[in-house]
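Okay, here's what each chain looks like letter by letter:
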Amino acid sequence: MNRNKGVTGPQGFRAAGIAAGIKQTGALDLALVVNDGPSDAAAGVFTTNKVKAAPVLWSQQVIQSRRLTAVVLNSGGANACTGPEGFQDTHATAEKVAEVLGTGAVDVAVCSTGLIGERLPMENVLSGVETAAKELASSVEAGLNAATAVMTTDKHPKQSWKASVQGWSVGGFVKGAGMLAPNMATMLSVITTDAKISGDQLDQALRTATGRTFDRLDVDGGTSTNDTVLVLASGASGVEPSFEDFVALLTEVSADLVKQLQGDAEGVTKEISITVKQAATEAEAVHIGRTIAEDNLVKTALFGSDPNWGRIAMALGRADAQIDPDVLQILINGVSLYRNGTRDRDRSEADLSGREIEIVIDLNVGGAEATVLTTDLSHDYVEENSAYSS
């Protein structure tokens, strides 16, 4: 896996990231990713939150054709809960991109991230689109600038790229550090591929991959108003992989992006994986994992490196799933602390001093398994989010 390359890694793509003046800091805040073809297949998944931002509503409409020429993204403002005027701003942004690229607005997806409830400075956005179009390039630097321009509370850009042995590849970037409990996406991500694949296959592949990766990260239980993952296929490699091979590589790149999201989450000091084994169904395994991941008592104990398995037992026990406390087992970093209804080894044997923590729940009621990723709840997380809009 190559984290020095992203959306410009696959053939047929150009990108740019510029400072449009949306952020008062002068940081990069507008990104443009363009598919030069020959194919323009595309697919997307979006937040399940009922309060959806204007860019999500727009992009959900245009992606129905399973094709895109470009994606424009901004940080510095979510354009969520901004009424009809906010949707008009999104439409105007897509039209501006279409104008400078010589395409149609229906071929342009729009993504925004930042504070909810404020209108975007549209003069800066529209002039920024013109500037970004002039700076489009297929270079590694251009891809990195695009990944950087979508950052909000992220500490660093997150991107990934990998080539198949057949000569096609998948690359992408992602942003997100807080409000992360995606129900099929997480904040904003653009993924590109130069494989030959149809829009319908791309849609199926994306839903399969995100279900196993982006949908298994739960930092704080907050499903964003703006969550979007888009994948664009140029077909420029000339190679048409099997569907299984494509899903495998797309899933691998997505998993690497999600791991970077976990490591860059707000206030993170512990990267926690929760694996639920021998569950009745995969859905129940995921549900139990997410219930534990979102429990503040569990998260604060892990922040303190405290192997308090009682809090884990409490959290999993309130999940709506098939659970028998007399047959389940709880392990933390390989040490069995609870088994068959009572304590097992002494909790002091579980070393939580490092950054990585592995929790394994063996339910012993079925054959399904799933892993959910989360982080601890630290002082820094509370402080950062208490002052987010000030």
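Residues numbered from 1 in each chain as written. Predicted model: local features only at pLDDT ≥ 70, side-chain atom pairs only at ≥ 80, totals over all residues. Heavy atoms only, no water.

Chemist: Describe in detail the overall build of the chain, supporting the description with residues and values.
Modeler: If you tally the helices and strands in the chain, you get 10 helices and 15 strands. Computed over the C-alpha atoms, the radius of gyration of the chain is 21 Å, within 12% of the 21 Å expected from 2.2 N^0.38 for a compact globule of 390 residues. Once the C-alpha set of the chain is aligned to its principal axes, its extents read approximately 70 × 50 × 35 Å. Across the 390 residues in the chain, those meeting the buried criterion constitute 55%. (Helix = DSSP H or I, 4+ residues; strand = E, 2+ residues; numbered from the N terminus. Rg over C-alpha atoms; globule rule 2.2 N^0.38 Å. Buried < 20%, exposed > 50% of the residue type's maximum accessible area, 1.4 Å probe, protein only.)

Chemist: Before we move on, can you summarise the nonpolar core with the specific residues and values?
Modeler: Formed by 46 residues in total, the largest nonpolar core has its most connected members in Leu-30, Val-71, Leu-73 and Phe-173. Broken down by element, this core gets its largest block of residues, five residues, from strand S2 (residues 30–35). One finds Trp-309, Ile-312, Leu-337 and Ala-370 within the second-largest nonpolar core, a separate group that totals 31 residues. (Core = buried A, V, L, I, M, F, W, Y, C linked by side-chain atoms within 4.5 Å.)

Chemist: So what's going on with the pattern of salt bridges? Residues and values would help.
Modeler: All told, the structure shown has 22 salt bridges when counted by the stated rule. Linking Lys-259 and Glu-271 is a salt bridge whose minimum nitrogen-to-oxygen distance equals 3.2 Å. Pair noted here: Lys-259 is in helix H6 (residues 243–263) and Glu-271 is in strand S10 (residues 271–279), with a separation of 12 residues, a long-range link. Residue classification places Lys-259 among the partly exposed residues on the basis of a relative accessible area of 29%. Among the ionic pairs, Arg-355 bridges to Glu-271, the shortest N-O distance being 2.7 Å. You can see Arg-355 sitting in the loop between strand S13 (342–343) and strand S14 (356–362) and its partner Glu-271 sitting in strand S10, a full 84 residues away along the chain. Through salt bridges with shared partners, a single ionic network connects Arg-66, Asp-200, Asp-203 and Arg-207. (Salt bridge = Lys/Arg side-chain N within 4 Å of Asp/Glu carboxyl O.)

Chemist: Before we move on, can you summarise the packing of helix H5 (residues 199–212) against H6 with the specific residues and values?
Modeler: Between H5 and H6, whose axes approach to 9 Å, the crossing angle comes to 45 degrees. Here H5 is positioned oblique relative to H6, judged by the angle of their axes. Crossing of H5 over H6 shows right-handed handedness. Between H5 and H6, the residues in contact are Gln-201, Leu-202, Gln-204, Ala-205, Leu-206, Thr-208, Ala-209 and Arg-212 and Phe-243, Phe-246, Val-247, Leu-250, Thr-251 and Ser-254, respectively. Residues that form the contact of H5 with H6 fall into these classes: eight nonpolar, five polar and one charged. (Axes fitted to C-alpha atoms, helices over the stretch in contact; angles between N-to-C directions. Parallel < 35°, antiparallel > 145°, perpendicular 65-115°, else oblique. Left-handed = near helix turned anticlockwise from the far one by under 90°. Contact = heavy atoms within 4.5 Å. Nonpolar A, V, L, I, M, F, W, Y, C, P; charged D, E, K, R; others polar.)

Chemist: If you had to explain the environment of Thr-48 to someone new, which residues and values would you point to?
Modeler: Relative to the helices and strands, Thr-48 resides in the loop between strand S3 (41–46) and helix H1 (54–62). The class for Thr-48 is partly exposed, based on a relative accessible area of 42%. Between the C-alpha atoms of Thr-48 and Val-327, which are 279 residues apart in sequence, the distance is 35 Å.

Chemist: Break down the UniProt feature "binding site: substrate" (unreviewed entry) in the chain for me, with residues and values.
Modeler: The UniProt entry lists Thr-152, Lys-175, Thr-186, Glu-266, Asn-385 and Ser-390 under the feature "binding site: substrate" (unreviewed entry), expressed in the numbering used here. Taking relative accessible area as the criterion, Glu-266 reaches 4% and is therefore assigned buried. (UniProt positions renumbered as here; feature names shortened; annotations may be inferred.)

Chemist: Any details on helix H2 (residues 83–101)? Residues and values, ideally.
Modeler: The first and last C-alpha atoms of H2 sit 28 Å apart over 19 residues, in line with the 27 Å expected at 1.5 Å per residue. Those residues of H2 that fall on the buried side of the exposure criterion are Gly-86, Asp-89, Thr-90, Thr-93, Ala-94, Lys-96, Val-97 and Ala-98. Backbone geometry just after H2 places Gly-102 at a positive phi near 75 degrees. (Expected span 1.5 Å × (residues − 1).)

Chemist: Give me the environment of Ala-233: which residues, what numbers.
Modeler: Structurally, Ala-233 can be placed in strand S9 (residues 228–233). Between the alpha carbons of Ala-233 and Thr-193 there is a distance of 4.8 Å; along the sequence they are 40 residues apart.

Chemist: Explain the sheet that holds S3 residue by residue, including any values.
Modeler: Note: strands within a sheet are paired through backbone hydrogen bonds, in either parallel or antiparallel orientation. The mixed open sheet is built from five strands, whose spatial order is S3-S9-S8-S7-S6. Of all strands in the sheet, those with a lone pairing partner are S3 and strand S6 (158–163), marking the two edges. With strand direction ignored, the average angle separating the axes of adjacent strands in the sheet is 10 degrees. The sheet contact formed by S3 and S9 spans six bridges and is antiparallel. In the sheet register, Phe-46 faces S9, and the bridge partner there is Thr-228. Sheet strands in contact with H5 are S3 and S9, and its direction is about 35 degrees off that of S3. (Pairing = 2+ DSSP bridges.)

Chemist: So what about the sheet that holds strand S11 (residues 329–332)? Which residues, and what values?
Modeler: Reading across the sheet, the six strands line up as S13-S12-S11-S14-S10-S15 and stay open at both edges, with mixed pairing between neighbours. Edge positions in the open sheet fall to S13 and strand S15 (368–375), since each of these has one partner strand only. In terms of strand pairing, strand S12 (residues 335–339) meets S13 through two bridges, oriented antiparallel. The partner of Arg-339 across the bridge, within S13, is Thr-342. Relative to S15, helix H7 (residues 282–293) is tilted by about 20 degrees, and along the sheet it contacts S10, S14 and S15.

Chemist: Residues and numbers for the packing of aromatic side chains, please.
Modeler: Enumeration according to the criterion identifies three aromatic pairs in this entry. Taking 5.3 Å as the distance between ring centres and 45 degrees as the angle between the ring planes, the aromatic pair formed by Trp-309 and Tyr-338 counts as tilted. Taken together, the residues Trp-309 in helix H9 (residues 309–317) and Tyr-338 in strand S12 connect sequence positions 29 residues apart. An identical accessibility class is assigned to Trp-309 and Tyr-338; each is buried. If you follow Lys-5 out to its NZ or CZ, it ends over the ring of Trp-161, 4.2 Å from the centre. (Phe/Tyr/Trp six-rings, centres within 6.5 Å; stacked < 30°, edge-to-face > 60°. Lys NZ or Arg CZ within 6 Å of the ring centre and 35° of its normal.)

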